[in-house]
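Descriptive structure summary
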Amino acid sequence: MDINLIQAQIEADLSNANSPQALEELRIKYLGRKGLIAELTGSIPALAAEQRGSFGKEVNALKNRLLNLLNEKEKSLAGDSLKPGNADVDIGMPGIAPELGTVHPITRIIGEISTVFNHMGFCVLEGPEVETEHNNFTGLNIPLEHPSRDAFDTFYLKNYTNFLLRSHTSPVQVRTMKKHKPPLAIVVPGRVYRPDAVDASHLFMFHQIEGFLVDENVRFSDLKGILSFFLKSVFSSDIKMRFRPHFFPFTEPSAEVDISCLICKGKGCSACGRKGWLEILGAGMIHPNVFKQVDYDPKKYTGFAFGMGIERIAMLKYGINDIRLFFENDLRFLKQF
Ligand code: DAH
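Residues numbered from 1 in each chain as written. Predicted model: local features only at pLDDT ≥ 70, side-chain atom pairs only at ≥ 80, totals over all residues. Heavy atoms only, no water.

With that settled, the discussion passes to the overall build of the chain. A tally of helices and strands in the chain yields eleven helices and ten strands. In summary, the chain has a C-alpha radius of gyration of 39 Å against a globular reference of 20 Å for 337 residues, an excess of more than 25%. Split into buried and exposed, the 337 residues of the chain put 40% on the buried side. Pairs at least 24 residues apart make up 65% of the contacts formed inside the chain by residues separated by at least 6 positions. Of the accessible surface of the chain, which amounts to about 19,300 Å², a share of 55% is contributed by carbon and sulfur atoms. Charged side chains of the chain number 39 positive and 39 negative; the gap between the two group centres comes to 5 Å. (Helix = DSSP H or I, 4+ residues; strand = E, 2+ residues; numbered from the N terminus. Rg over C-alpha atoms; globule rule 2.2 N^0.38 Å. Buried < 20%, exposed > 50% of the residue type's maximum accessible area, 1.4 Å probe, protein only. Contact = heavy atoms within 4.5 Å. Areas by Shrake-Rupley, 256 points an atom, 1.4 Å probe, with all protein chains shown as cover. Lys, Arg positive; Asp, Glu negative; His and termini not counted. Charge placed at Lys NZ, Arg CZ, Asp CG, Glu CD.)

What follows is the structure, encoded as C-alpha cells:
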C-alpha cells in the first residue's frame, strides 16, 4: 500500500470535514479499532522480514501526522464556531444577567451612623445578643421591681435563668467598662429583643445603636454637641434639636431628644402628630451607680450615654411607614436601597 497516497487521501478527507461530527467520523475511519492505521499495523506480520521495520516506521509516522492534522483541524473548527452564524449556540444572544444584591437598609444606616461617630473618634464595638441579667439590668441600675424585668417584657432563656435576649444595647456599656479603663468613646450597633405584639411600628426583634463616652470632666454640653453634629449629618444640616427631661435608671440627668419634623420642618403635620417634633433617641449623663458597678470612681469620671432605634431612624430618613417591611424579604422593597 502506498503511504503517500493514503496521506493525500487523509488530507483531502480532512479539508472536507467541516463539523466536529465529520471530524469524529474521520478519526474513527483512520484511528478506530478497525480503522486504516489498525489495518496497516495488522498487515505487518505478513510482510517479508526485511520490510517490516521500515514499513512499521512509516505507519507510525503516518499515524503521528494524522493526529497532528486532526488536532489542527479541531482547533480551526472551534475557532470558526466563535464566528457569528457558525456556532451551534447563538453567541449573540443576550446572557442571563446575575441578580445583584443591594445593601440592606438597616445595614446601610448602621454603616452611616457608625461612620459619623468614627470620624468623631468613637470606636465601633459589638456585644452578644444573649446577655446576663446582670449586664442587661442590675449593672445598669435598673431595679428589681422595674417593669422591663418582668417575664412578659423580656425573653428569658428557659433553662438558664440568669440569661436573656438583651432588651437593649446598653449592657455593652457594662461589658466594656468592666474590661477597659477610661477614656472610652464607643458606639454599639446590634439586635435587641422584646416580646412585643407585631404591628406597623413594633417587632419582637429590632436594632439599636448605643453610644457612650467616659473621661474626666465630661459635661452635658459635650453630649449636646456630639448629638447635634450626628443628627445633622444623618438627617439634614437645617434640623433643630431639643432635649426633653425624661427618666432612665442608668442616666442622671436623662433626656429624650427630638428633632424638628423632617416633613413640615416644625410647623406640625400628620407625620409628627401636629407637634412639629419627632422623638429620636434617649440620652443622659451616666449614673454614678453604673460607674460603681464597674469599679470606676464616680468622683473622678463622668460620661454620657445615648441609645436609639435604628429602624425608626431608617423609617424617618426614607419615609417608610411600616417596620415589618424591613424583614419580609420583599425584593420590590429591598431593591430600592
Ligand atoms: N436603653 C434605652 C432603651 O432601650 C435607650 C437609652 C436611653 C440608652 C438613654 C441610653 C440612654 O444609653 O442614655 O430604651
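In terms of nonpolar packing, the biggest core is built from 47 residues, with Leu 227, Phe 230, Leu 231, Leu 281, Phe 304 and Phe 306 touching the most fellow members. The contact partners of Leu 281, leaving out residues within four places of it in the chain, are Leu 227, Phe 230, Leu 231, Ala 255, Glu 256, Val 257, Phe 306, Gly 307 and Met 308. Leu 164, Met 177, Val 214 and Tyr 301 belong to the second-largest nonpolar core, a separate cluster that totals 20 residues. (Core = buried A, V, L, I, M, F, W, Y, C linked by side-chain atoms within 4.5 Å.)

Turning next to the site of the ligand. Taken together, 15 residues lie near the ligand, and His 168, Ser 170, Arg 194, Gln 208 and Glu 210 sit nearest. Here an oxygen atom of the ligand and a side-chain polar atom of Gln 208 are 3.0 Å apart. Ala 305 has a polar backbone atom sitting 3.1 Å from an oxygen atom of the ligand. Look at the ligand: alone it shows 350 Å² of surface, and the protein chains cover 88% of it. Listed by contribution, the elements that provide at least two residues to the shell around the ligand are β6 (205-215), β9 (277-286) and β10 (302-309). Along the lines of polarity and charge, the residues of the shell around the ligand split into five nonpolar, eight polar and two charged. (Near = heavy atom within 4 Å. Polar contact = N/O pair within 3.5 Å; in protein donor to acceptor, adjacent residues only side chain to side chain. Nonpolar A, V, L, I, M, F, W, Y, C, P; charged D, E, K, R; others polar.)

Turning to the sheet that holds strand β3 (residues 156-157), a few remarks are in order. One open sheet accounts for three strands, arranged β2-β4-β3; its pairing is antiparallel. Looking at which strands have only one partner, the edges of the open sheet turn out to be β2 (130-132) and β3. Two elements, β2 and strand β4 (residues 160-165), share three bridges in a ladder whose sense is antiparallel. Residue pairing across strands places Thr 132 opposite Phe 163, the latter belonging to β4. (Pairing = 2+ DSSP bridges.)

Attention shifts here to the pairing of β6. Among the eleven residues that make up β6, ten are buried, leaving the element largely enclosed by the rest of the structure. One ladder, built from ten bridges, connects strand β5 (residues 184-193) with β6; its direction is antiparallel. Each residue of the ladder has a partner; that of Val 187, found in β6, is Gly 211. Sheet analysis places β6 next to β10, joined by eight bridges and oriented antiparallel. Counted as the bridge partner of Val 214 is Gly 303 from β10.

Side chains of Val 130, Tyr 160 and Phe 163 sit close together on the surface and give an oily, nonpolar patch of about 290 Å² of accessible area. Along the chain, the position of Phe 163 falls in strand β4. (Patch = residues over 30% accessible without salt bridge, like charges linked within 9 Å, V, L, I, M, F, W, Y side chains within 5 Å. Salt bridge = Lys/Arg side-chain N within 4 Å of Asp/Glu carboxyl O.)

It is worth spelling out the pattern of salt bridges at this point. A full pass over the atoms with the stated rule returns 14 salt bridges. In this structure, the salt-bridge partner of Arg 149 is Glu 133, at a minimum N-O distance of 3.6 Å. With Arg 149 in the loop between α6 (133-136) and β3 and Glu 133 in helix α6, this residue pair connects regions lying 16 residues apart in the sequence. Both residues of the pair, Arg 149 and Glu 133, belong to the buried class. One salt bridge in this structure joins Arg 219 and Asp 222, with 3.4 Å as the shortest N-O distance. A single salt-bridge network, built from bridges that share partners, covers Arg 242, Arg 244, Glu 256 and Asp 258.

So, on to the state of the cysteines. As used in these notes, a disulfide is a covalent bond between sulfur atoms, one from each of two cysteines. Counted under the stated rule, the structure contains zero disulfides. There is no disulfide at Cys 264, and the cysteine sulfur nearest it, in Cys 261, is 3.6 Å away. Note on Cys 269: no disulfide assigned, nearest cysteine sulfur contributed by Cys 264 at a separation of 3.7 Å. For Cys 269, a relative accessible area of 13% corresponds to the buried category. (Disulfide = S-S within 2.5 Å.)

Right, let's get into the sheet that holds strand β8 (residues 251-260). Spatially, β1-β5-β6-β10-β9-β8-β7 is the arrangement adopted by the seven strands of the open sheet, whose pairing is mixed. Sheet topology places β1 (123-124) and β7 (241-248) at the edges, where each strand pairs with a single neighbour. Of the strands in this sheet, β1, β5, β6 and β10 are in contact with helix α5 (residues 105-119), which crosses β6 at around 5 degrees. (Axes fitted to C-alpha atoms, helices over the stretch in contact; angles between N-to-C directions.)

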